[in-house]
Amino acid sequence: MNSLGADTSADPFDRFPTLPADSYATHEVMNQATPLTGHNAFTGDKLLTEIARREKICWADGLLTDAGATVASAHVAKLARDANRNLPELKSHDRFGNRIDQIEFHPAWHELMSLAIGHGTHALSWTAKQPGAHVARGMLSYLWNQGENGICCPLGMTYSAIPALRLQPELAAIWEPFILSSRYDATSAPMQRKTGGTVGMTLTEKQAGSDLRATQTTARPAAARRGPGEAYLIDGHKWFFSVPHSDLFVTLAHTDRGLSCFLLPGWLPDGSRNHLQIQRLKDKCGNKSNASSEIEYRGALGWLVGEEGQGIKAALAMTHLTRLDFAIGSAGLMRRALSEAIHHTTGRRAFQRSLIDQPLMQNVIADMALEAEAATLLAFRLARAVDDEQAGDARAALLVRIGTPVGKYFNCKRVVGLVHEALECHGGNGFVEEGPMRGSIARRRSTASGKAAAISSPSTCCAPPPGRPRAYPPSSTRCGWPRVATNASTG
Ligand SMILES: Cc1cc2nc3c(=O)[nH]c(=O)nc-3n(C[C@H](O)[C@H](O)[C@H](O)COP(=O)(O)OP(=O)(O)OC[C@H]3O[C@@H](n4cnc5c(N)ncnc54)[C@H](O)[C@@H]3O)c2cc1C
């Protein structure tokens, strides 16, 4: 009895009838596909393993098998989802009003970066001593584009920065070991205090995208000496500055001798922040996990790469491999979309059959499988050409020069339509953000469109290469690949 005389020992719920456990259920949940996780995106991909066998990169089998399991795991699916739902935030100032220009990420972003960098997705081409290192690294990129596409932007730029860096060997000697490190370090600090870093490419301005000669940013010597490897002070803006938290940037600015390429560190040798101010983060379509920004240089310190006036040539040393990475990444996105379409249509029935057994759906899936296979073959044929070029093959160098922009253009165009088809295969479920794997197919469709527009716009990829090679070596070596059967399953 309480002070009011009520009996508190009796359970008030005793007065209600007990309902059956499922009394709220109006229906049984059935005929829904399961999440696509737990397979191996390398060993389960017949075409990829066949390419690895032909390219004789069995030395990378263990690494690729590990990456294949990681990118398809439920854990990475959750990380990818978290990284895309908890957006990066710009912290321009600390709470005391000091300018800091830092980006805050959800821990999921950093864990994804750490996993992919641990595999060498940003570096294997330059660190492996075995032949076929560009193909092997390309496979890591292909796999990680299936895991989380946003992180592939910093990974691809870091990979492709090395040729530009090597144009200035004394700068490469300082930065290369840091960049190629497989120990990701999330701290925002000078390189001396970090275990590894990433590179960003900051070329485009408001008025200058495809036509980089319209760049307005200027550079002047920081001291009496000028020329390759010397320091310059840079003033101006950049309009599409992805991965603004990187440790090093490849950038363009006009000196009084013409458009020139510079390496610009995020931090200065004395431990202070370089004079680079992040104005705002872009509200991009597609993947949300990666930060892209608009920035201003206010007397930022950069080191000249190559001769003054040769900036586009130096920057192209980087964009060339970025294009290759985009061709590979688009093929990876296609594979992922195909796998999801197959998985969904296998697990869903309509009109008394699994969707995948419906003749019209089989047409769609078969077309998609052909597209994805063609894109994959094209991408890795180009990666092999880069390996051959590095080994001194002049024919391969010609193929790389002409084929890479074509590959970037073609794969980045085709991926959009293919992902759209995959979206349609999912019916209404394709349009829901809470997708079975790392966000929706719809987001991947926007990401795919972004790949087409980014770095080298369609027209720049279609422009004829400067100068016409005069003599072609005789056609004695095999250029193409015979087709191989694709295992269209996801397992
Ligand atoms: C997701 C994403 C990430 C990006 N990240 C970066 C980054 O990290 N660093 C960076 O520097 N930039 C970045 N960019 C910017 C990108 O490099 C530019 O958007 C691209 O170079 C095109 O430039 P623009 O936007 O000024 O378009 P424009 O140059 O204005 O072109 C608009 C359209 O006109 C076409 N066009 C241009 N010239 C011709 C011509 N002569 N004939 C016919 N058609 C033509 C183009 O193909 C394009 O379709 C990114 C873009 C995206 C979408």
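Predicted model, so just to flag it, every value in this text is computed and none were measured.

Rules of the game
- As a convention, each chain's residues are numbered from 1 in the sequence order in which they are written.
- Reporting of local features is limited, given that this is a predicted model, to residues whose pLDDT is at least 70; pairs of side-chain atoms are given and counted only at 80 or more, and all residues count toward the totals for whole chains, interfaces and linings.
- Simply put, an axis is a line fit to the C-alpha atoms, just over the touching stretch for a helix, and the angle between two N-to-C directions goes from 0 to 180 degrees.
- Numbering goes from the N terminus for both helices and strands, where a helix is a DSSP run of H or I of at least four residues and a strand is a run of E of at least two.
- In this scheme, roughly parallel covers angles under 35 degrees and roughly antiparallel covers those over 145, while 65 to 115 is roughly perpendicular and the rest are oblique.
- The sense of a crossing depends on the near helix, which, turned anticlockwise from the far helix by less than a right angle, makes the crossing left-handed and, turned clockwise, makes it right-handed.
- Side-chain classes follow a simple rule in which Ala, Val, Leu, Ile, Met, Phe, Trp, Tyr, Cys and Pro form the nonpolar group, Asp, Glu, Lys and Arg form the charged group, and the remainder, Gly included, forms the polar group.
- We call two residues in contact if the C-beta atoms placed from their backbones are at most 7 Å apart.
- DSSP bridges decide pairing: two strands pair if at least two such bridges lie between them.

Caption draft 1: Examining the packing of helix α9 (residues 311–347) against helix α10 (residues 359–390) more closely. Contact geometry of α9 with α10 gives a least axis separation of 9 Å together with a crossing angle of 155°. As summarised for this structure, α9 and α10 are arranged roughly antiparallel, according to the angle between their axes. The handedness of the crossing between α9 and α10 is left-handed. By residue class, the composition of the contact of α9 with α10 is 19 nonpolar, three polar and two charged.

Caption draft 2: Broad picture of the packing of helix α6 (residues 133–147) against α10. At a minimum axis distance of 7 Å, the contact between α6 and α10 shows a crossing angle of 145°. Judged by residue contacts, Ala 133, His 134, Val 135 and Gly 138 of α6 engage Ala 379, Phe 380, Ala 383, Arg 384, Val 386 and Asp 387 from α10. Of the residues that constitute the contact of α6 with α10, the class distribution is six nonpolar, two polar and two charged.

Caption draft 3: Main features of the pairing of strand β5 (residues 231–242). Two strands pair when backbone bridges link them, and strand β4 (residues 218–221) and β5 are joined in this way by four bridges, in the antiparallel orientation. Within β5, the position partnered with Pro 221 by the bridge is Tyr 232. When β5 meets strand β9 (residues 292–305), the two strands line up antiparallel, connected through ten bridges. Each residue of the ladder has a partner; that of Ser 242, found in β9, is Ser 292.

Caption draft 4: Region of interest: the pairing of strand β2 (residues 99–104). Examined bridge by bridge, strand β1 (residues 89–93) and β2 share four bridges and lie antiparallel to one another. If you follow Lys 91 over to β2, its bridge partner there is Gln 102. Between the antiparallel neighbours β1 and β2 lie five residues, among them Gly 97 with a positive phi of about 95°.

Any functional reading would require information that these geometric values do not contain.
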